[in-house]
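Descriptive structure summary
Here is what each chain is made of, one letter per residue.
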Amino acid sequence: MRIAVVATCLGDALFPRAPIATVELLERLGHEVVFPADQTCCGQMHVNTGYLDAALPIVRHHVEVFGRALDRGADAVVAPSGSCVGCVRHQHAMVARRAGDEGLARAAEHGAERTYELSELLVDVLGVTDVGAYYPHRVTYHPTCHSLRMLRVGDTPLQLLRAVRGLELVELPDADVCCGFGGTFAVKNAETSTAMLADKMASVLSSKAEVCTAGDSSCLMHIGGGLSRLRSGVRTVHLAEILASTDRGNASADLVFDTAEVGP
Amino acid sequence: MSVHPGRAAQRSRTVELGMPTVASDPHRHLRGTESFPAAAHKALADTQLRRNLGHATRTIRAKRAGVVSEVDDWEELRRAGEAIKADTMARLPELLVELESQVTARGGVVHWARDAEEANRIVVDLVRGTGADEVVKVKSMATQETGLNEALEGAGIAALETDLAELIVQLSHDRPSHFLVPAIHRNRAEIREIFLREMPDVDPSLTDEPRRLAMAARAHLRRKFLAAKVGISGVNFAVADTGTISVVESEGNGRMCLTLPETLITVMGVEKLVPTWADLEVFLQLLPRSSTGERMNPYTSTWTGVTPGDGPQAFHLVLLDNGRSNVLADRDGRQALHCIRCSACLNVCPVYERTGGHAYGSIYPGPIGAVLSPQLTGIDGPDDVNASLPYASSLCGACFDACPVRIDIPNLLVQQRAAAVDAHTRPTGQDVAMQAAAIAMTTPGRFKLAERALGVGRVLAGRKGRITSLPWPASGWTNARDLPAPPAETFRQWWARTHGGD
């Protein structure tokens, strides 16, 4: 299958290991991955902050870039993010229709039909649960709100994790409760967001996991940012990175919050 | 008091509703005095409040989940509820006229109130007409919205709340913080203190045992029920084709108010309508399971006009618009009028659970309140505290899953955020940042440059590998969370290096 990858703006700029792992994983499974280099962002930050007019050209850009990729032979579009795919699937057409652009709304719906979150693509489209990964760590999984309630991915990420060799999957208490990220909510209502984060971190710590994983770098940035601030000794790793890891080592080191020293 | 339904109905028909307008809010019950983040700042620091709310919402969530899971066709019921409400809103004017004619035909008197002030004036005049200086009240959100108690007090009429939780709120000179459990922010020990302090003739040996507290309230209220000449209620459902009004409750205190006084005055938001009697079947299943987590609520009262010799012999129905026509005019936004005030969305909301209802300022808190309050009041510029309400959500979507009538609350929150942005009379810092980001995000070359600029972050991170402090507004993030150092290589740089091109 030829698959166009949405790096996501956050993945491209701040957390490239998630889209890199997505590419490596899909290539390992024998698929051809293409990266439409004109891509920028799905527009979710603008939409969810209420800037629906400003979001319109961003949505149009995304729809055009990936529409072209599909026209040029891509069979599917994948993003290592539940919330970006949620925006594509549930908000792009709404933004277009609100602006009276029915043509764009239809094009958005057409593209959305072939856009998948990573675990959806693997399990529901490609039909694999054992991706041949090896990850010898104690891991807990946080189902991100948009994977869970916008995309309804259900237990597909858990199916994938259960098939990973060496991985000990432990249950996260109150897993379906939001971590408190919520995009600009984390800054606009920073204290409420932090109160939600405190409870999520308590759940992660009580699970005794050494790694907390999820399908969204944004939520992991939030949970991981809190765990890092507390020097909790628990790290956050994107689901794609776990699935890309093999017993030959990780092509991409798996730390979101790198404990290694870096210089400018 | 003698009633002339025919004449009153004739008069009511001559009132023009006029162009849709926003709610009047004479007692600031729909708009607080500070923005949500400012109010939340205080609520989050109140550890007792946090414990009380955490315990109460967790308990009620578990109860709801249990009784919902035992209904095989719950999703079909939700869809039926959604469809009935959508149909109701699509023909609300004609259904209201039908309700009016049915209520009038059965001996009730219907009054139309454009806004809160008009509704309060109508009720005050009606009570004055009876000569009563005290009324007993059934718990009602509509009369909370209009500030009826304050209006009555201004006219020298004492309004006594008879719902136990509402009584606790009233006795403590507090405001409700929840639709169903207005004193959810209080625990038993606090309620005991309030009773000892505020309830006349209370037994000084009162303990915080729930039964003792309930008996104290019962003794306090019983005398009032027997003496009251006027009862005031809200509405859960009004049936257009029969003119039947229904109130559901758990304590029976509501039924006392609905049956014992000579005069009953009912204030109803115009959206509380269902077209037919049969439609109650759907809602009387959806509401109790969603609100109290019960299979059936203990008391379901229904009445149709006046029954000679039985119950109140004068019945007045006040239909309240107060901004609802304005909401109805918004094709997507009108979904908020489907709300049956079950409070399931409050109980599952992680924001509500931590801040409580008072942080919203409005008497409509939680996810639906964060939509409905600014819808009813309108948003008056960027400094309007109600402009902050739609942002009081992480858009986690738990509210939609819990809503018994499938209101797409996350989408309505986004739409109200758009309304808040549209209300900016001058560009804010956020506007400028969003416009700049939008330009970068539609121009691939600029986007790449912006990404490279992020490399500066590696300097900020220094040798720690993490960013721990940033200036405002990013300090909102770094006050509690680290940021990782930006990577040495972006994804697109990696792609170019490993796969060629670009």
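The model shown is predicted, which means the values in this text are computed figures rather than measured ones. (Residues numbered from 1 in each chain as written. Chains lettered and ligands numbered in written order. Predicted model: local features only at pLDDT ≥ 70, side-chain atom pairs only at ≥ 80, totals over all residues. Heavy atoms only, no water.)

**A look at the overall build of chain B**
From N to C terminus, chain B includes 24 helices and 12 strands. Relative to the globule expectation of 23 Å for 502 residues, the C-alpha radius of gyration of chain B, 26 Å, shows essentially globular dimensions. Summarising its shape, the C-alpha atoms of chain B cover approximately 90 × 55 × 50 Å along the three principal directions. Counting all 502 residues of chain B, 58% fall into the buried class. By sequence separation, contacts in chain B at least 24 residues apart represent 74% of the contacts at least 6 residues apart. Of the accessible surface of chain B, which amounts to about 20,400 Å², a share of 53% is contributed by carbon and sulfur atoms. Distance between charge centroids for chain B: 6 Å, based on 56 positive and 58 negative side chains. (Helix = DSSP H or I, 4+ residues; strand = E, 2+ residues; numbered from the N terminus. Rg over C-alpha atoms; globule rule 2.2 N^0.38 Å. Buried < 20%, exposed > 50% of the residue type's maximum accessible area, 1.4 Å probe, protein only. Contact = heavy atoms within 4.5 Å. Areas by Shrake-Rupley, 256 points an atom, 1.4 Å probe, with all protein chains shown as cover. Lys, Arg positive; Asp, Glu negative; His and termini not counted. Charge placed at Lys NZ, Arg CZ, Asp CG, Glu CD.)

**Some thoughts on the domain arrangement of chain B**
The assigned domain composition of chain B is domain 1 (5-325) and domain 2 (440-499). Averaged C-alpha coordinates put domain 1 of chain B and domain 2 of chain B at centres separated by 52 Å. (Domains from an automatic or database assignment.)

**Details of the domain arrangement of chain A**
Residue and element names in this part refer to chain A. Looking at the assigned domains, one finds that chain A contains domain 1 (2-125) and domain 2 (138-244). One C-alpha centre belongs to domain 1, the other to domain 2, and the line joining them spans 22 Å. Each partner contributes residues to the interface: domain 1 has 29 residues there, and domain 2 has 21 residues. Roughly 2,000 Å² is buried in total at the junction of domain 1 and domain 2, and carbon and sulfur atoms are behind 67% of that figure. When the area that domain 1 buries against domain 2 is broken down by residue, the three leading residues are Leu 10, Ser 119 and Val 123, summing to 19%. Seen at the junction of domain 1 and domain 2, the total is zero salt bridges. Put simply, domain 1 and domain 2 have nine residue pairs in polar contact (both at pLDDT 80 or more) between them. Contributing elements (two or more residues each) for the side of domain 1 that touches domain 2: α2 (17-28), α3 (44-48), α5 (82-90) and α8 (118-125). Here the residues of the side of domain 1 that touches domain 2 are counted per class, giving 12 nonpolar, 11 polar and six charged. (Buried area = accessible area lost by both parts, 1.4 Å probe. Salt bridge = Lys/Arg side-chain N within 4 Å of Asp/Glu carboxyl O. Polar contact = N/O pair within 3.5 Å; in protein donor to acceptor, adjacent residues only side chain to side chain. Nonpolar A, V, L, I, M, F, W, Y, C, P; charged D, E, K, R; others polar.)

**Some thoughts on the interface of chain A and chain B**
The partner chain B presents 71 residues to the 76 residues of chain A that form the contact. For the pair chain A and chain B, the two sides together bury roughly 6,100 Å², of which 60% comes from carbon and sulfur. At the boundary of chain A with chain B, the tally comes to seven salt bridges. Its salt-bridge partner being Asp 12 of chain A, residue Arg 492 of chain B comes within 2.8 Å of it at the nearest N-O pair.

**Some details on the packing of aromatic side chains**
Counted according to the given criterion, the structure contains 11 aromatic pairs over all chains. Centre to centre, the rings of Phe 181 of chain A and Trp 477 of chain B are 6.0 Å apart; their planes meet at 80 degrees, and the pair counts as edge-to-face. Of the two residues, Phe 181 of chain A is situated in the loop between β6 (168-170) and α11 (185-188) and Trp 477 of chain B in helix α23 (residues 475-478); the pairing between them involves two chains. Residue class for Trp 477 of chain B comes out buried when judged on its relative accessible area of 7%. Members of the aromatic cluster, each reached through a chain of ring pairs, are Phe 35 of chain A together with Phe 491, Trp 494 and Trp 495 of chain B. The aromatic ring of Phe 400 of chain B is capped on one face by Arg 78 of chain B, whose charged end is 5.3 Å from the ring centroid. Sitting over the ring of Phe 283 of chain B, Lys 85 of chain B keeps its end group 5.6 Å from the ring centre. (Phe/Tyr/Trp six-rings, centres within 6.5 Å; stacked < 30°, edge-to-face > 60°. Lys NZ or Arg CZ within 6 Å of the ring centre and 35° of its normal.)

**A short note on the pattern of salt bridges**
Residues and elements named next belong to chain B. Under the definition given, this model contains 40 salt bridges over all chains. Salt-bridge contacts for Arg 78 lead to Glu 75; the nearest nitrogen and oxygen are separated by 2.9 Å. Of the two residues, Arg 78 and Glu 75 both sit in helix α4 (residues 74-90), three residues apart, roughly one turn of that helix. Glu 145 serves as the salt-bridge partner of Arg 324, at 2.7 Å between the closest nitrogen and oxygen. Within this pair, whereas Arg 324 is found in helix α14 (residues 324-328), its partner Glu 145 is found in helix α7 (residues 141-146), the two being separated by 179 residues in sequence. Assigned by exposure class, Arg 324 and Glu 145 land together as buried.

**Observations concerning the environment of Thr 355 of chain B**
Within the secondary structure, Thr 355 of chain B sits in helix α16 (residues 350-355). Sequence separation of Thr 355 of chain B and Pro 37 of chain B is 318 residues, and the distance between their C-alpha atoms is 9.7 Å. In this view, Thr 355 of chain B contacts Thr 192 of chain A together with Phe 36, Ala 40, Ala 43, Leu 44, Leu 49, Leu 53 and Tyr 360 of chain B; residues no more than four positions away in its chain are not counted.

**Let's talk about the sheet that holds strand β7 (residues 263-269) of chain B**
All names here are of chain B. Read from one edge of the open sheet, six strands run β1-β10-β7-β4-β2-β3, paired in parallel fashion. If you trace the sheet from one side to the other, it starts and ends with β1 (109-113) and β3 (158-161), each paired once. Across the sheet, the axes of successive neighbouring strands diverge by a mean angle of 25 degrees, strand direction being ignored. Inspection of the sheet shows β1 paired to strand β10 (residues 314-320) by five bridges, in the parallel sense. When the sheet's bridge partners are listed, Trp 112 is paired in β10 with Leu 319. Strands in contact with helix α6 (residues 116-130) are β1, β2 (134-137), β4 (230-233), β7 and β10; relative to β1, the strand with the most contacts, it is inclined by about 145 degrees. (Pairing = 2+ DSSP bridges. Axes fitted to C-alpha atoms, helices over the stretch in contact; angles between N-to-C directions.)

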